[in-house]
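Examination of the molecular architecture
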Number of protein chains: 2
Amino acid sequence: MAKENQFVEQIADIDGDFPQWYTDVVLKTKLVDYGPVKGTMVIRPYGYAIWENIQQILNARFKENGVENAYFPLLIPMSYFAKEAEHVEGFAPEVAIVTIGGGEELAEPLAIRPTSETIIGNMMSKWVQSYRDLPLKVNQWCNVMRWEKTTRPFLRTSEFLWHEGHSAFVTAEEAEGFTLSMLELYKNFMENCLAIPVLTGRKTEKERFAGAVATYTMEAMMHDGKSLQSGTSHYFGQNFAKAFNIEYQGTEGNLQTAYTMSFGVSTRLIGAIIMTHGDERGLVLPPVVAPIQCVIVPIAARKGGVIERCEELKAELEAAGIRVTLDATDNSPGWKFNEWEMKGVPVRIELGPRDIEGGKMLCARRDTLEKTELPLENAAEGIKELLASVQKGLLEKARKHRDERIVYADDIDGILAGVENGKFVKAGWCGERACEDLVKEKTSATARVYAEGESREFCACCGKKAAHVIVYARAY
Amino acid sequence: MAKENQFVEQIADIDGDFPQWYTDVVLKTKLVDYGPVKGTMVIRPYGYAIWENIQQILNARFKENGVENAYFPLLIPMSYFAKEAEHVEGFAPEVAIVTIGGGEELAEPLAIRPTSETIIGNMMSKWVQSYRDLPLKVNQWCNVMRWEKTTRPFLRTSEFLWHEGHSAFVTAEEAEGFTLSMLELYKNFMENCLAIPVLTGRKTEKERFAGAVATYTMEAMMHDGKSLQSGTSHYFGQNFAKAFNIEYQGTEGNLQTAYTMSFGVSTRLIGAIIMTHGDERGLVLPPVVAPIQCVIVPIAARKGGVIERCEELKAELEAAGIRVTLDATDNSPGWKFNEWEMKGVPVRIELGPRDIEGGKMLCARRDTLEKTELPLENAAEGIKELLASVQKGLLEKARKHRDERIVYADDIDGILAGVENGKFVKAGWCGERACEDLVKEKTSATARVYAEGESREFCACCGKKAAHVIVYARAY
């Protein structure tokens, strides 16, 4: 078997050159390809199927929370951005602009949406007339575009896919409460579906969304100890409602202004999965969202009855709702093992004449590479348990990896030493922007999130009394 | 009850002013709203839910046919269009062009995709290396943009949502065969899910897709007798494969060129539903794709136990997989009847104290407005049967409407008289473009589709021997 490794395309060493490992893995497992325009990506079927699984789960959960899907136009008049001062400042530098349509120069240039607060704010001002129209909770699954200089598939591309939920409420409490509920929904999804533990909480003013009163984030630690901002939920207060006149008649007939929020996750989550669970053999996919949960590899496939029994088994697993494939190609078993390991399929079944005779199947789990014999009788039950165990194991392993790499520091040197060794560093902060800026300048680490409920005596930067504890990390 | 009509917003008379009726219906039932950029639409939750139901059904059927979903970039280099001569000629006049990104003028202007043959052709040329890579069947659900002068929600807008399937094959027979299979899949979907009968077949050269060898269409007759092209499946031969070098090593090692095809339907289908089934009261939605299949209206709702029994019934129907809503607002029953009729909900249940006492519910079907008493026991079963009957009834009614309006003509005056009276007119055609052009000029009708298997003696235009029979109609 070892000899046959030559047939599998090589991927870079995960610890020696993580960026190259990432590029090799996303391309060679056919998750993604580069588009012809610089900074764009093609999401190939194996990658898109992960996105579809993510969509399906989140969609159902959003709907349980009263969120309805809709679709808003791609093109936004440039003048809309100018209506919210911070928002235009934040997004204007990275928009792609349409200046020609139908062969003619446009009177007003149009931005391709980098996000849709402005156009949705504009529509909400039409739709919200009375307090009875609130809360209004809409969501769209769509493409957005942010012109980026340095790009990497899934992590940062000019165009990406995401969902953006936008809601309006009567009171500030409701709006902020829903902002936090959606953060909690995300956290639960990350941990229980993607097996990625996240730190959640508020962002500093410097790091928050352009136009928000408060941005809440979830930060996940990648294999190399860097942080990936995996999703955000923003509370806007009345910033956008005032800019776009989302006003309604209150219960007593008086004109009132709504409170709004938005929340979103993107195809970046696929990058998070790859960089959290991947290993030296390639992808390791969490069963809940894996396009293929289980692959059957026939052993001595030409022997009578082997392929037939494999097909029977496939049908049985399929009927039980398991996403299964049978690799009946003429490649050698060793080649197949390597190939499906690289593609991160959570469970592999090896089935040969002796297994069939003994009523057993040999099952290899991708996360630990352990092999177990399971009975062919009630195969689906055994595989389901194994998949559940892989799912659980991945979360535990990722949590252990992260928890071991959270350290404390009392000064900038300590923060630097930590982040250089791939750690999340918790340190005191006085609350001054100057100190936050200095940490970034000296360490390339940014304030990822407030560590709520913790306290430290002094600011790691200026030595004055600390008002907060910050989680610093280098980030994607 | 009649008095309460005043509470329902008025819609124009369907036969008196069909365009205004359409506009009233799409806006007042909250299917759609106008976007801020001319020619764009916002698809509101009630409209988007229809689209989601369409997507779900088609997606499952595409997958059964080996089609995998993927995502290709929005922006296409303008130079790509130039690679296929007919294609660039067809699409160049209606593209929206991005000239600025990240604050800088772009070296090459980028088109927002009006369709993706070119960019997908470019990617396929990378992915198809060996005959083993074929067939390659991908599909994407996405937004596309065609700069249109005259627009109407769902029917023709600058931006719309659609799916586009693109496949490559070893042989011409396979490619053309799949083109026809997908047309058949569409036809089945239209008739059995949307209850819309369609004429399917090939388009004339004048009307075919820019760059195709053959375009197959499905044409549906709307309420006013005009035709709506509801979906197309295109066979490209090697046109795009040659332009984009989709070449592979054949079984004997020789370099070969693939054969490709594409197929698509769009949010236009929502327009088709509205204009096929709608009546003077508003929308009539086919149960299979209706966002709400059944609405429960409590009668004498303040009487003890009524609301509780309605909620029980709702839970019971929901558990049986019926999309049901309970209207417990404080509007009058009459107001609710009108409102839900306008919104096209296929079945309404009225439930009051006397019904409950008698173990009955009064069910009104939206299509015929007939009311039937059904037992409350096994309510879900009764409602399911009623929904199936509505679904069937809608198709029969639409088929009758269409079949009664298909006529024959032997000259241009006959074609004109037919289309002016909202008919599909079948007429002989010699096969010359000049005759096709003249029919259009004189009657505003276009050749919608070849009537295969039929024959007429003479061309209705020039009187020479007819080579084909054409279905002429005015079209959206």
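Glancing now at the sheet that holds strand S19 (residues 371-375) of chain B. Residues and elements named next belong to chain B. As summarised here, the arrangement of the five strands in space is S16-S15-S17-S18-S19, forming an open sheet in which the pairing is mixed. A strand with exactly one partner marks an edge of an open sheet, and here the two such strands are strand S16 (324-326) and S19. For this sheet, the mean inter-axis angle between neighbouring strands, taken without regard to orientation, is 25 degrees. Of the pairings in the sheet, the one linking strand S17 (residues 347-351) to strand S18 (residues 360-365) comprises four bridges and is antiparallel in character.

A word on the interface of chain B and chain A. The partner chain A presents 41 residues to the 41 residues of chain B that form the contact. In terms of residues, the side of chain B that touches chain A owes the most to one element, strand S5 (residues 96-101) of chain B, which gives six residues. Of the residues contributing to the side of chain B that touches chain A, the split by class is 25 nonpolar, nine polar and seven charged. In terms of strand pairing, strand S5 (residues 96-101) of chain A meets S5 of chain B through five bridges, oriented antiparallel.

Overlay of chain B on chain A (RMSD 0.0 Å): rotation 180 degrees, translation along the axis 0.0 Å. The superposition operator between the copies reduces to a two-fold rotation axis. Minimal C-alpha separation from the rotation axis in chain B is found for Val 98 of chain B, amounting to 2.1 Å. A shared interface surface links the copies, since 100% of the contact residues of chain B are contact residues in chain A too.

With that settled, consider the environment of Ala 328 of chain B. Mapped onto the elements of the fold, Ala 328 of chain B is located in the loop between S16 and helix H10 (333-342). Since 16 C-beta atoms lie within 10 Å of it, Ala 328 of chain B is described here as partly exposed.

Glancing now at the environment of Ala 241 of chain A. Residues and elements named next belong to chain A. Position of Ala 241 among the secondary structure elements: in helix H7 (residues 239-243). Taking the number of C-beta atoms within 10 Å as the measure of exposure, Ala 241 has 24 and is therefore buried. Considering only alpha carbons, one finds Ala 241 and Glu 84, 157 residues apart in sequence, at a separation of 9.8 Å. In this view, Ala 241 contacts Ala 168, Ile 246, Thr 257, Ala 258, Tyr 259 and Thr 260; residues no more than four positions away in its chain are not counted.

Now for the nonpolar core. Ranked by internal contacts, the top residues of the largest apolar core, which has 297 residues, are Leu 194, Ile 415 and Tyr 472 of chain A together with Leu 194, Ile 415 and Tyr 472 of chain B. With residues near it in sequence (within four places) discarded, Leu 194 of chain B still touches Phe 189, Leu 269, Ala 272, Ile 273, Pro 286 and Val 289 of chain B.

Residues and elements named next belong to chain B. Along strand S7 (residues 136-145), seven of the ten residues are buried, which leaves the element largely enclosed by surrounding structure. The sheet contact formed by strand S3 (residues 68-69) and S7 spans two bridges and is parallel. When the sheet's bridge partners are listed, Asn 69 is paired in S7 with Asn 139. The pairing of S7 with strand S8 (residues 159-169) spans ten bridges and is classified as antiparallel. Residue pairing in the sheet places Lys 137 in a bridge with Ser 167 of S8.

Residue and element names in this part refer to chain A. Averaged over all residues, the pLDDT of chain A equals 96, while 98% of them reach at least 70. Note on residues 1-7: pLDDT under 50 across the span, and eight contacts to partners over four residues away in sequence or across chains. As scored by the predictor, the complex reaches a pTM of 0.96 and an ipTM of 0.96.

If you trace the backbone, Cys 142 of chain A turns up in strand S7 (residues 136-145). For Cys 142 of chain A and Asp 13 of chain A, which are 129 residues apart along the polypeptide, the C-alpha to C-alpha distance reads 35 Å.

Before going further, it helps to spend a moment on the sheet that holds strand S21 (residues 424-429) of chain A. Residues and elements named next belong to chain A. Read across the sheet, four strands follow the order S20-S21-S23-S22 without closing on themselves; strand pairing throughout is mixed. The open sheet terminates on both sides in strands that have one partner only, identified here as strand S20 (406-408) and strand S22 (446-450). Taking each pair of neighbouring strands and ignoring which way they run, the sheet shows an average axis angle of 40 degrees. Pairing of S20 with S21, which is carried by three bridges, proceeds in the parallel orientation. Looking at the pairing, Ile 406 lines up with Phe 424 of S21. Of the strands in this sheet, S20, S21 and strand S23 (468-473) touch helix H13 (residues 412-420), which is tilted by about 160 degrees from S21.

Residue and element names in this part refer to chain B. Orientation of helix H13 (residues 412-420) relative to helix H14 (residues 433-443), taken along the N-to-C sense of each, is 50 degrees, at an axis distance of 10 Å. Taken together, the axis directions place H13 and H14 in an arrangement best described as oblique. Classified by chirality, the crossing of H14 by H13 is right-handed. On H14, the residues that touch Ile 412, Ile 415, Leu 416 and Val 419 of H13 are Val 439, Lys 442 and Thr 443. In terms of residue class, the contact of H13 with H14 is built from five nonpolar, one polar and one charged.

We now examine unusual backbone geometry. Each neighbour pair has its own omega, and for Leu 134 of chain A with Pro 135 of chain A the value is -5 degrees, a cis peptide bond. Turning to its location among the elements, Pro 135 of chain A is positioned in the loop between helix H5 (117-127) and S7. Its identity is not glycine, yet Asn 245 of chain A carries a phi of approximately 55 degrees, on the positive side. The residue Asn 245 of chain A is located in the loop between H7 and strand S12 (247-249) in this model. Accessibility expressed as a C-beta count within 10 Å gives 15 for Asn 245 of chain A, which makes it partly exposed. The phi dihedral of Ala 300 of chain B is positive, around 50 degrees, even though this residue is not glycine. As for its position among the elements, Ala 300 of chain B is in the loop between strand S15 (294-298) and helix H9 (306-319).

Buried residues dominate strand S11 (residues 227-237) of chain B, accounting for ten of its eleven residues. Connecting strand S10 (residues 214-221) of chain B to the antiparallel partner S11 of chain B that follows it, the hairpin turn spans five residues, and Gly 225 of chain B within it adopts a positive phi of roughly 85 degrees.

Turning our eyes to something else, we now look at helix H8 (residues 268-277) of chain B. For H8 of chain B, a buried count of ten out of ten residues is recorded, marking the element as mostly surrounded by other parts of the structure. Considered for burial, the residues of H8 of chain B that qualify are Arg 268, Leu 269, Ile 270, Gly 271, Ala 272, Ile 273, Ile 274, Met 275, Thr 276 and His 277 of chain B.

Now for H13 of chain A. All names here are of chain A. Where H13 is concerned, the buried positions are Ile 412, Ile 415, Gly 418 and Val 419. One side of H13 holds all its buried residues, which, seen down the axis, span an arc of 125 degrees. The inward-facing, buried residues of H13 abut S20, S21, helix H14 (433-443) and S23. Gly 422 lies just past H13 and shows a positive phi near 70 degrees.

Calculation notes
- Residues numbered from 1 in each chain as written.
- Chains lettered and ligands numbered in written order.
- Predicted model: local features only at pLDDT ≥ 70, side-chain atom pairs only at ≥ 80, totals over all residues.
- Pairing = 2+ DSSP bridges.
- Helix = DSSP H or I, 4+ residues; strand = E, 2+ residues; numbered from the N terminus.
- Axes fitted to C-alpha atoms, helices over the stretch in contact; angles between N-to-C directions.
- Contact = placed C-beta atoms within 7 Å.
- Nonpolar A, V, L, I, M, F, W, Y, C, P; charged D, E, K, R; others polar.
- Least-squares fit on C-alpha atoms with pLDDT ≥ 70 in both.
- Buried ≥ 20, exposed ≤ 12 C-beta atoms within 10 Å, placed from the backbone.
- Core = buried A, V, L, I, M, F, W, Y, C linked by C-beta atoms within 7 Å.
- pLDDT = per-residue confidence, 0-100.
- Parallel < 35°, antiparallel > 145°, perpendicular 65-115°, else oblique.
- Left-handed = near helix turned anticlockwise from the far one by under 90°.
- Arc of directions from axis to C-beta.

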